[in-house]
Amino acid sequence: MRSTVNHVLSVAQFERPFLFELFRRADELATLGAREAVGTAKGAIMATLFYEPSTRTRLSFEAAMTRLGGAVISAEYAAATSSAAKGESIEDTARVVAGYADLLVIRHPEAGSVARAASVVDVPVINAGDGANEHPTQALIDLYTIWRELGRIDGLTIALVGDLRYGRAARSLARLLTQTVDTTVFLVAPPVTRMAPDVVNELRAAGLRVEETDDLYAIAPTLDVLYQTRIQRERFSDAESYTQACGHYVVNRELMQHLPSEAIVLHPLPRVGEIDPAVDDDRRAAYFRQARNGVALRMALIEWMLQRRPAEVVSSNGHHRR
Ligand code: NCD
């Protein structure tokens with residue numbers, strides 16, 4: 001990190017050693033009981049500014065901060081209830097709130113907006129989703145979940161399925177996979193929501209095998225990870241192309257029969273029909289465990305951002321102790 005402030009704006013800033021350090025610390029924090037005090041964020045205040053709906057991201061950030069002994073102030077419906085409704089720019093809002101808090105977590109519908117906010121403040125800023133661009137902390141949770149569930153992040157075959165065009169979680173995860181080795185990525189999307197060519201090129205340049213396909217059943221038996229996503233209705237300009245994008249790829253019991261017994265199914269959630277709830281009981285359905293992992297991972301991240309990481313932790317060879 002060049003800046004002395006530890007912002008989290010894009011997955012492009014993360015490299016392998018940092019990832020393993022973060023995952024190990026998250027594991028450590030996850031093993032502490034819910035009531036066990038951590039205290040590494042004691043005295044610090046996190047402000048969450050959400051200009052778009054959220055359940056998991058905001059609440060797990062707030063839970064993480066609370067567990068670390070810090071406090072939270074929140075503009076939950078910032079578009080309607082903050083001064084944005086009066087026309088205030090995100091830069092001005094960030095400048096002001098940075099005077100009240102030690103850490104800002106911002107979700108905003110416009111790509112690049114959170115980076116703009118970060119550029120005018122001197123407290124760390126987390127991008128909790130900027131339009132269709134990035135959702136870096138979700139990608140960290142996704143890769144952390146893969147590491148926990150499968151014991152490794154290398155040598156895997158991963159399918160990204162659904163809305164790869166507007167889905168910032170899939171986009172960030174794809175870009176984060178450039179830090180893995182010997183990885184095969186299948187991109188499975190309807191024509192209207194294909195992954196942007198710049199991301200595909202970035203993955204290939206990083207040495208990943210990337211293949212676009214429309215036959216999920218054909219590749220299912222080769223997968224270690226099936227990453228399903230929601231078609232991002234709110235990002236479509238017309239109802240017709242949204243309808244065209246829906247219903248192509250559904251994870252149901254039939255598809256599960258084609259997946260290897262050790263594979264996992266992930267989804268950043270919320271789901272709206274692309275995973276049949278009948279699959280939830282299958283032990284390979286890891287999406288609720290993934291959501292739960294958000295708290296520990298975000299705790300580890302907050303410690304790093306506040307530079308409150310206990311000195312004794314860290315360093316690893318990347319293998320998960322199981
Ligand atoms: C995602 C998001 O908001 O980008 N949700 C999340 O943060 N877990 C995915 C989505 O909304 O489909």
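This report concerns the structure included in the present document.

How each quantity is defined
- Residues numbered from 1 in each chain as written.
- Predicted model: local features only at pLDDT ≥ 70, side-chain atom pairs only at ≥ 80, totals over all residues.
- Heavy atoms only, no water.
- Helix = DSSP H or I, 4+ residues; strand = E, 2+ residues; numbered from the N terminus.
- Rg over C-alpha atoms; globule rule 2.2 N^0.38 Å.
- Contact = heavy atoms within 4.5 Å.
- Near = heavy atom within 4 Å.
- Polar contact = N/O pair within 3.5 Å; in protein donor to acceptor, adjacent residues only side chain to side chain.
- Areas by Shrake-Rupley, 256 points an atom, 1.4 Å probe, with all protein chains shown as cover.
- Domains from an automatic or database assignment.
- Buried < 20%, exposed > 50% of the residue type's maximum accessible area, 1.4 Å probe, protein only.
- Arc of directions from axis to C-beta.
- Expected span 1.5 Å × (residues − 1).
- Pairing = 2+ DSSP bridges.
- Axes fitted to C-alpha atoms, helices over the stretch in contact; angles between N-to-C directions.
- Phe/Tyr/Trp six-rings, centres within 6.5 Å; stacked < 30°, edge-to-face > 60°.

**A look at the overall build of the protein chain**
Then comes step 1: Across its full length, the protein chain holds 12 helices and nine strands.
Then comes step 2: The globule rule puts the C-alpha radius of gyration for 322 residues at 20 Å, and the 19 Å found for the protein chain is close to it.
Then comes step 3: If you line up the protein chain on its principal axes, its C-alpha atoms span 55 × 50 × 40 Å.
Then comes step 4: In the protein chain, the proportion of contacts linking residues at least 24 apart, taken out of those at least 6 apart, comes to 76%.

**Quick word on the site of the ligand**
Then comes step 1: The full set of residues close to the ligand is Arg56, Thr57, Arg107, His135, Gln138, Arg168, Arg230, Gln232, Pro268, Leu269 and Pro270.
Then comes step 2: Within the contact set of the ligand, an oxygen atom lies 2.7 Å away from a side-chain nitrogen or oxygen of arginine 168.
Then comes step 3: Contacts to the ligand include glutamine 232, whose side-chain N or O atom sits 2.8 Å from an oxygen atom.
Then comes step 4: Across the complex, the protein chains shield 94% of the 320 Å² of accessible surface that the ligand would expose by itself.
Then comes step 5: Each of domain 1 (11-135 + 293-312) and domain 2 (136-290) contributes no fewer than three residues to the shell around the ligand.

**Digging into helix H8 (residues 197-205)**
Then comes step 1: Residues of H8 that are buried include every one of Val199, Val200 and Leu203, and no others. Down the axis of H8, the sector holding all buried residues measures 100 degrees, keeping them to one side. Exposed side of H8, more than 90 degrees from the buried face: Pro197 and Ala205 are the residues found there.
Then comes step 2: The elements touched by buried residues of H8 are helix H7 (168-176), strand S6 (184-188) and strand S7 (209-212).
Then comes step 3: Of the residues one or two after H8, glycine 207 is the one with positive phi, at around 95 degrees.

**Side note on unusual backbone geometry**
Then comes step 1: Here the amide bond leading from leucine 269 into proline 270 is cis, since omega sits at 5 degrees, within 30 degrees of zero.
Then comes step 2: By secondary structure assignment, the location of proline 270 is in the loop between strand S9 (264-266) and helix H12 (287-305).
Then comes step 3: Of note in the backbone geometry, aspartate 182 takes a positive phi value of approximately 60 degrees without being a glycine.
Then comes step 4: Examined against the element boundaries, aspartate 182 turns out to sit in the loop between H7 and S6.
Then comes step 5: Phi is positive for glutamine 307, close to 55 degrees, though the residue is something other than glycine.
Then comes step 6: Residue position: glutamine 307 is located in the segment after H12.

**Some thoughts on the side chain of threonine 93**
Then comes step 1: Structurally, threonine 93 can be placed in helix H4 (residues 90-97).
Then comes step 2: In contact with threonine 93, not counting residues within four places along its chain, are Leu49, Tyr51 and Glu88.

**As for helix H2 (residues 56-67)**
Then comes step 1: Here H2 spans 16 Å end to end across 12 residues, near enough to the 16 Å set by a 1.5 Å rise per residue.
Then comes step 2: Buried within H2 are the following residues: Thr57, Arg58, Ser60, Phe61, Glu62, Ala64 and Met65.
Then comes step 3: Backbone geometry just after H2 places glycine 69 at a positive phi near 90 degrees.

**Quick look at the sheet that holds S9**
Then comes step 1: The parallel open sheet is built from five strands, whose spatial order is S7-S6-S5-S8-S9. The sheet terminates laterally at S7 and S9, the two strands that pair on one side only. When strand polarity is set aside, the average angle formed by the axes of neighbouring strands in this sheet is 20 degrees.
Then comes step 2: Inspection of the sheet shows strand S8 (residues 225-228) paired to S9 by three bridges, in the parallel sense. By the bridge assignment, leucine 226 is partnered in S9 with valine 265.

**Some points on the packing of aromatic side chains**
Then comes step 1: Counted according to the given criterion, the structure contains eight aromatic pairs.
Then comes step 2: Judged by centre distance (5.3 Å) and plane angle (5 degrees), the rings of phenylalanine 14 and phenylalanine 18 are stacked.
Then comes step 3: On the basis of relative accessibility, which here comes to 1%, the residue phenylalanine 14 falls in the buried class.
Then comes step 4: Residue class for phenylalanine 18 comes out buried when judged on its relative accessible area of 15%.
Then comes step 5: Aromatic side chains tyrosine 287 and phenylalanine 288 sit 5.3 Å apart centroid to centroid with 65 degrees between the ring planes, which places their arrangement in the edge-to-face category.
Then comes step 6: Judged by relative accessible area, which is 1%, tyrosine 287 ranks as buried.
Then comes step 7: Residue classification places phenylalanine 288 among the partly exposed residues on the basis of a relative accessible area of 48%.
Then comes step 8: Cluster of aromatic residues (ring-pair linked, three or more members): Phe14, Phe18 and Trp304.

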